[in-house]
Amino acid sequence: MKLSERQKEIINVLQSSNNPISGEVLGEKFGVSRQIIVKDIGVLKAFGIEIISTNKGYKIDNSEKLTRIIESKHEDVDIKDELNTIVDNGGIIIDVFINHSVYGVIKKDLDIHSRNGVNNFVKNMTISTPLKNLTENVHYHTISAKNIKTLDNIEKALKEKGYLN
């Protein structure tokens, strides 16, 4: 299992649980050590995922919208379509980030809820270079939605268009 897949699955497991889950249990589930899980949790927190560490394990506050990190790869001409696909399917684009080999995580909050927000973002992109260009088009978005089914539908639509890495 790729690192990004494991981190995505960690988020899904934590979101679907009402109780904290220990690093040891997560490690067993994903076939890695507890220390690897601790590092994964640290990276996810750096990406802006609000994971709470308790004496009984890790949890995500499910009282608000659910979030998911997607790993994307596409050309510049596909930016607008990728973002519209997310908002058209009921998602909110929280941010965009890359994991640069030298600088580490570089992240920009977006908070895009609608096609109008997408249009404004794309219009502003004409004066700059997308972050994804620093990592051979690979980038990540944190997206949120009201429920897991909506997140799954967004991911399915992006996969059908070939945008998921």
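A brief structural summary.

Structural notes on the packing of helix 4 (residues 79–88) against helix 6 (residues 148–160)
For the pair helix 4 and helix 6, the least separation of the axes is 9 Å and the interaxial angle reads 155°. Taken as axis vectors, helix 4 and helix 6 run roughly antiparallel relative to one another. Between helix 4 and helix 6 lies a crossing of right-handed hand. Taken together, the residues of helix 6 that come into contact with helix 4 (itself represented by E82, T85 and I86) are I154, A157 and L158.

Overview of the pairing of strand 1 (residues 51–54)
Sheet faces and side chains relate simply in a regular strand, where the side chains alternate between the two faces. Pairing of strand 1 with strand 2 (residues 57–60) involves four bridges; the strand directions are antiparallel. Opposite T54, over in strand 2, you have G57 as the bridge partner. Where strand 1 folds back onto strand 2 in an antiparallel hairpin, the turn is made up of two residues.

Concerning the pattern of salt bridges
This structure, assessed with the given rule, holds eight salt bridges. A salt bridge links R68 to E155; the nearest nitrogen and oxygen atoms lie 2.7 Å apart. Of this pair, R68 sits in strand 3 (residues 66–73) while E155 sits in helix 6, and the two are 87 residues apart along the sequence. Since its relative accessible area comes to 3%, R68 is described here as buried. The partner of R115 in a salt bridge is D88, and the shortest N-O contact between them spans 2.7 Å. With R115 in helix 5 (residues 115–125) and D88 in helix 4, this pair connects stretches of sequence that are 27 residues apart. Where salt bridges share partners, they join K8, R68, D152 and E155 into one cluster.

Side note on the pairing of strand 4 (residues 92–100)
Burial analysis of strand 4 places seven of its nine residues in the buried class, which makes it a mostly covered element. The pairing of strand 4 with strand 6 (residues 138–145) spans five bridges and is antiparallel. What sits directly across from I93, in strand 6, is I143. In the sheet, strand 4 pairs with strand 5 (residues 104–112) via seven bridges, with the strands oriented antiparallel. Pairing of N99 across the sheet is with V105, part of strand 5.

Calculation notes
Residues numbered from 1 in each chain as written. Predicted model: local features only at pLDDT ≥ 70, side-chain atom pairs only at ≥ 80, totals over all residues. Heavy atoms only, no water. Axes fitted to C-alpha atoms, helices over the stretch in contact; angles between N-to-C directions. Helix = DSSP H or I, 4+ residues; strand = E, 2+ residues; numbered from the N terminus. Parallel < 35°, antiparallel > 145°, perpendicular 65-115°, else oblique. Left-handed = near helix turned anticlockwise from the far one by under 90°. Contact = heavy atoms within 4.5 Å. Pairing = 2+ DSSP bridges. Salt bridge = Lys/Arg side-chain N within 4 Å of Asp/Glu carboxyl O. Buried < 20%, exposed > 50% of the residue type's maximum accessible area, 1.4 Å probe, protein only.

Coordinates in, geometry out; function isn't part of it.
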